[in-house]
Structure formats: structure tokens, C-alpha cells
Amino acid sequence: MYEHSNTSGQNQLTDITEELMARPAYRPSIPPPPGHGARMHSSARSHPPLNSMRSHFPASHTPQHSFIPQLMHSDLSHQTVIVVGGTSGMGFAIARLAIAHGADVTVASRSADKVAAAAAELGATGKTLDTSDEASVRDFFAAVGPVDHLVVTGSSVRTGTLKDAPLADGEFTFRSKFFGPYLCAKYAQMNPTGSITFFSGILSRRPGHNDAVLAGVNAAVEAMGRALARDLAPVRVNTVSPGMTRGTSAYLSMPEAAREGMYSSIASKLPVGRVGTAEDIAAATLMLMTNGFITGVTLDVDGGGVLV
Ligand SMILES: NC(=O)c1ccc[n+]([C@@H]2O[C@H](COP(=O)([O-])OP(=O)(O)OC[C@H]3O[C@@H](n4cnc5c(N)ncnc54)[C@H](OP(=O)(O)O)[C@@H]3O)[C@@H](O)[C@H]2O)c1
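Residues numbered from 1 in each chain as written. Predicted model: local features only at pLDDT ≥ 70, side-chain atom pairs only at ≥ 80, totals over all residues.

## What to know about the site of the ligand
Alright, step 1. Close to the ligand lie 30 residues, the nearest being Gly89, Ser109, Gly154, Gly201 and Thr248.
Alright, step 2. Counting residues per element, the ones that place at least two in the shell around the ligand are α5 (89-100) and α8 (167-187).
Alright, step 3. Top element by residues in the shell around the ligand is α5. It accounts for three residues.
Alright, step 4. For the shell around the ligand, the class distribution of residues is eight nonpolar, 19 polar and three charged. (Near = placed C-beta within 6 Å. Helix = DSSP H or I, 4+ residues; strand = E, 2+ residues; numbered from the N terminus. Nonpolar A, V, L, I, M, F, W, Y, C, P; charged D, E, K, R; others polar.)

See the structure below:
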């Protein structure tokens, strides 16, 4: 499953690049090679394969000098990637995918046992961190040093009804899911070519019942991502908004039959006919980390959930 997601992610980047190459506005402003003018200016359906076009570029437009390989570049060799929440679920899958692309990965969360287990399974560095504790965040980032890519999946939330839930539960949720990533962005020593990826969720725009706090905190995370994309530029800042995703610890407190029933019920309503996997989320996150032209976006990875 993991290998499959990885491969399909790369194919997607290649497809996007070739589609861009077919559009006049995105082509490098160089004359086509002799005999290729008609093909270079033909419709999207008949454009030549990217590799054959590359071989005709003059030296000044070889891949390392053009925008094309930046779109396709997913090699994370010698890059430091911090995954806060990387001991479980989506964060774990992101850490595993980043390692497969050559990154030096550190996973972090509150539980020392979970950190040790995840680090051993991944072959990553592991450190404890509680994002709701400012001193913990400050000391963590002072210890890890410069960061190329920061991903914050880690958060804890408390749910309840408007009438019955104590205000402290809502404040706990905002402290963890909004101010946790906020503090990570504040203290991380980001390299200017790097990226930060936050996590919100589909409830910001498709709330169910009793979701006022979760809808609000997810919308706040997305707004923070846009604001910090300006404040921290040229560091890129984006947000992933997952839909219902299996393979995480989010719903493990439910009995298995009830959990599978919930997945089936939601899958039957989604355009793609299934709920997501942690690997779906990881592939999308890797794209945001490595595409140097994307910043300030919220990327819905939800099987079309916002549409239904
Ligand atoms: N799963 C879904 O269907 C879904 C849908 C929409 C949005 N999301 C969002 O996507 C993100 C990832 O979800 P997931 O399902 O992959 O989560 P998960 O499997 O429950 O993992 C959460 C991770 O965060 C860590 N964590 C929790 N509070 C923390 C804190 N204060 N400081 C540091 N680490 C903390 C946990 O480890 P420790 O216990 O060791 O701290 C754990 O490693 C979350 O923001 C979630 O709200 C999930």
C-alpha cells in the first residue's frame, strides 16, 4: 500500500508537469528545435513526451536551470524533516514516506513509549514534545537545530455539545490544535527553502452536529496557514485538510464493528467510494513539501467530501 501510494504520487507530478508543458503560458520562452515547431505549439493532446522535449533544450534550459524539475523534485536527501505527531497515523505515514525519499526524519509526540516504538520501527530519530507546553516546544526546536520541512499532525481535541461541554474543553482543543502548531512555527528554525505543513480537517467547511469547536479550530488553522505564508516567506506554509481517514488512532476508542460501520457509511456517500488512508495523506503532504510553487493553500484530501 505504501509503495503504491508513493509511486502514484510521482506519476501525478509527472502528469501535471506534462499538462503544464502543453499550455503556451507555461512553456519556457525558447524557440522550438528545428522540425519540432508544429509539435511544440500543438494542442494538449498531441504534445511530445517531456523527456523528448528536454533533450532538445539548449544548455541554459537544462533541467537544473528550469522550473520543470522543481515541480518534479521529490528527493529529500540531506533534508531535515520534523514530524510532530509522527508516532501515529498520518504523521507516521508521512515520516515513513519522507524517509523513503532520503530525508533525515525526527518524529515527536508526548508519549515516550510511542516515540521510542515509532522511531525504532521507522529508523528515525525520536524526541518527546508536548505542543501545548511552550517551554517544551522552545526546548525541542533549540535542540533539533535548523529544519527544512516541518509537519504538524499532532493534536488532541475534546468534543461535546454547546450546552453541556465546559469552556475548558474548547480551550484545551484550541490550545492543542491551533496554538500547538502556532508555537511550532514560532520556534522552528526554518531554512528559507523549506516548508511548514499544518493539519486542519473537513469539519471547518462541512460541520456535523456538535462540531462548533472543531469547525472553528480547523478554520483557524487554515487561516493561520495563509497568514504565516506571508509572514514567514520565503518559507512556504500550507495546510492539509483531511477527510475521514482510516489507519490512524483517531477512532480506536470505538468498537471495531462500529468504526467499520462508520467508515462504510461515509464511503458510500463520497465521490471516490472509500474513506482515506494515512498513505493518501502522506502522498499529498510530500507534494506540498516538495513543490516550490505552492504556499498559503489548504489542500483538501478528502475523497470529495467537501462536495457532498
Ligand atoms: N483521522 C481522521 O479521520 C482525521 C480527519 C480530519 C482531520 N484529522 C486531523 O489530522 C491530524 C492527524 O490525525 P491522525 O488521525 O493521524 O492522528 P492520530 O493517529 O490520533 O495521531 C495523533 C498524534 O499526535 C500526537 N499528539 C497529540 N497531542 C499532541 C501534543 N499536544 N503534542 C505533541 N504530539 C501530540 C499523538 O501522540 P502522543 O499521544 O504520544 O502525544 C499522536 O502521535 C490531526 O490534526 C487530526 O485532527 C484527522
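## Comments concerning the confidence of the model for the chain
Alright, step 1. Of the residues in the chain, 76% reach a pLDDT of 70 or more, and the chain-wide mean stands at 83.
Alright, step 2. Confidence drops under pLDDT 50 across residues 1-72; counting only partners more than four residues distant or on other chains, this segment forms 58 contacts. (pLDDT = per-residue confidence, 0-100. Contact = placed C-beta atoms within 7 Å.)

## Topic: α8
Alright, step 1. Here α8 is 21 residues long and its end C-alpha atoms lie 28 Å apart, about the 30 Å a rise of 1.5 Å per residue gives.
Alright, step 2. Burial in α8 covers these residues: Gly170, Thr173, Lys177, Phe178, Gly180, Pro181, Tyr182, Leu183, Cys184 and Ala185.
Alright, step 3. Structurally, α8 contributes buried residues whose contacts are with β1 (80-84), α7 (134-144), β4 (146-152), β5 (189-199) and α9 (212-231). (Expected span 1.5 Å × (residues − 1). Buried ≥ 20, exposed ≤ 12 C-beta atoms within 10 Å, placed from the backbone.)

## Observations regarding the environment of asparagine 210
Alright, step 1. As for its position among the elements, asparagine 210 is in the loop between β5 and α9.
Alright, step 2. Through-space distance from the C-alpha of asparagine 210 to that of threonine 161 is 5.1 Å; in sequence the pair is 49 residues apart.
Alright, step 3. Residue contacts for asparagine 210: discarding those within four places in its chain leaves Thr159, Gly160 and Thr161.

## Re the nonpolar core
Alright, step 1. Counting residues in hydrophobic clusters, the biggest one holds 60 residues, and the most contacted among them are Val83, Ile94, Ala98, Val107, Leu150 and Ala282.
Alright, step 2. The biggest single contributor to this core is helix α11 (residues 278-290), with nine residues.
Alright, step 3. Excluding residues that lie within four positions of it along the chain, leucine 150 makes contacts with Ile82, Cys184, Ala188, Met190 and Ile196. (Core = buried A, V, L, I, M, F, W, Y, C linked by C-beta atoms within 7 Å.)

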